[in-house]
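Summary of structural features
One letter stands for each residue in the lines below.
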Amino acid sequence: QAGVPARALTRARIEQMRGGALVAQEKWAAADAAFTALDRALEPEPPSQRAIMGLEIDWPMSLIASGKSEAALARLQPVLAVKRGILGDGHVDVSEVRGLIAAALARLKRVAEADAEFAQSMPTLLERAQHIGTGPENSRTLRYRFILESYLGHLADRATRGDAAA
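Residues numbered from 1 in each chain as written. Predicted model: local features only at pLDDT ≥ 70, side-chain atom pairs only at ≥ 80, totals over all residues. Heavy atoms only, no water.

1. A look at the packing of aromatic side chains
The full count for this structure, using the stated rule, is three aromatic pairs. Aromatic side chains Phe 35 and Trp 59 sit 6.0 Å apart centroid to centroid with 20° between the ring planes, which places their arrangement in the stacked category. Of the two residues, Phe 35 is situated in helix H2 (residues 28-42) and Trp 59 in helix H4 (residues 58-65); the sequence distance between them amounts to 24 residues. Pair check on accessibility: Phe 35 and Trp 59 agree, each one buried. (Phe/Tyr/Trp six-rings, centres within 6.5 Å; stacked < 30°, edge-to-face > 60°. Helix = DSSP H or I, 4+ residues; strand = E, 2+ residues; numbered from the N terminus. Buried < 20%, exposed > 50% of the residue type's maximum accessible area, 1.4 Å probe, protein only.)

2. Quick look at the nonpolar core
In this structure, Ile 64, Leu 76 and Leu 100 are the most contacted members of the largest nonpolar core, which totals 40 residues. Elements represented by at least two residues in this core include exactly helix H1 (6-24), H2, H4, helix H5 (69-87), helix H6 (92-107), helix H7 (111-129) and helix H8 (139-161). (Core = buried A, V, L, I, M, F, W, Y, C linked by side-chain atoms within 4.5 Å.)

3. Topic: the side chain of Arg 98
Looking at the element boundaries, Arg 98 is found in helix H6. By relative accessible area, Arg 98 is classed as buried at 8%. Setting aside residues up to four positions removed in sequence, Arg 98 forms contacts with Leu 80, Arg 84, Asp 89, Glu 117, Gln 120 and Ser 121. (Contact = heavy atoms within 4.5 Å.)

4. Details of the pattern of salt bridges
All told, the structure shown has 13 salt bridges when counted by the stated rule. In this structure, Glu 96 and Arg 143 form a salt bridge, with 2.9 Å as the shortest nitrogen-oxygen distance. Residue Glu 96 is located in helix H6, and its partner Arg 143 is located in helix H8; the two are separated by 47 residues in the primary sequence. As far as burial versus exposure is concerned, Glu 96 and Arg 143 are alike and both buried. (Salt bridge = Lys/Arg side-chain N within 4 Å of Asp/Glu carboxyl O.)

5. Observations concerning H4
The buried count for H4 comes to seven of eight residues, which makes it a mostly enclosed element. Taken together, the buried positions of H4 are Asp 58, Trp 59, Pro 60, Met 61, Ser 62, Leu 63 and Ile 64. Immediately downstream of H4, the backbone of Gly 67 shows phi near 85°, a positive value.

6. Concerning the packing of H4 against H6
Here H4 crosses H6 at 20°, and the two axes come no closer than 10 Å. With respect to H6, the element H4 is oriented roughly parallel. Viewed along their axes, H4 and H6 form a crossing whose handedness is left-handed. Counted together, Met 61, Ile 64 and Ala 65 of H4 and Leu 100, Ala 103, Ala 104 and Arg 107 of H6 form the full contact between these two elements. Here the contact of H4 with H6 is built from residues that sort into six nonpolar, no polar and one charged. (Axes fitted to C-alpha atoms, helices over the stretch in contact; angles between N-to-C directions. Parallel < 35°, antiparallel > 145°, perpendicular 65-115°, else oblique. Left-handed = near helix turned anticlockwise from the far one by under 90°. Nonpolar A, V, L, I, M, F, W, Y, C, P; charged D, E, K, R; others polar.)

Written as structure tokens, this is what we have:
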């Protein structure tokens, strides 16, 4: 944060939260637009300020839901590399990113790749889902639901096509 004006960083975080709130409401196109506007506004800023978008996973989720899975993959692959390096493969945050990558791959009909990512993510996510509780939905439970629905849709697509592994 050194060198970044506090007002600019605060404004960027507010805009990021707005995008996250739109994701929570499942207003995918509006969330995508909000994150895109924030990303464009940050383009001329120093790297320390642009870094606010570096590990963002709500935006890629909105991209997947909006039919922009290739763009989501482009944003998620670097996030996965960073989180794997810091947290390790078994961490729930890594599994969430893998689950979103799997969802994007499934929507792109890249079946084998989706299968591999779902296989990596689902055990951890399902184990953690047992501990979430029944309170109001937060961003993590929304992501879990999104990933699980994507996984079930992927399995249904495979069954419809007659894939043996479905």
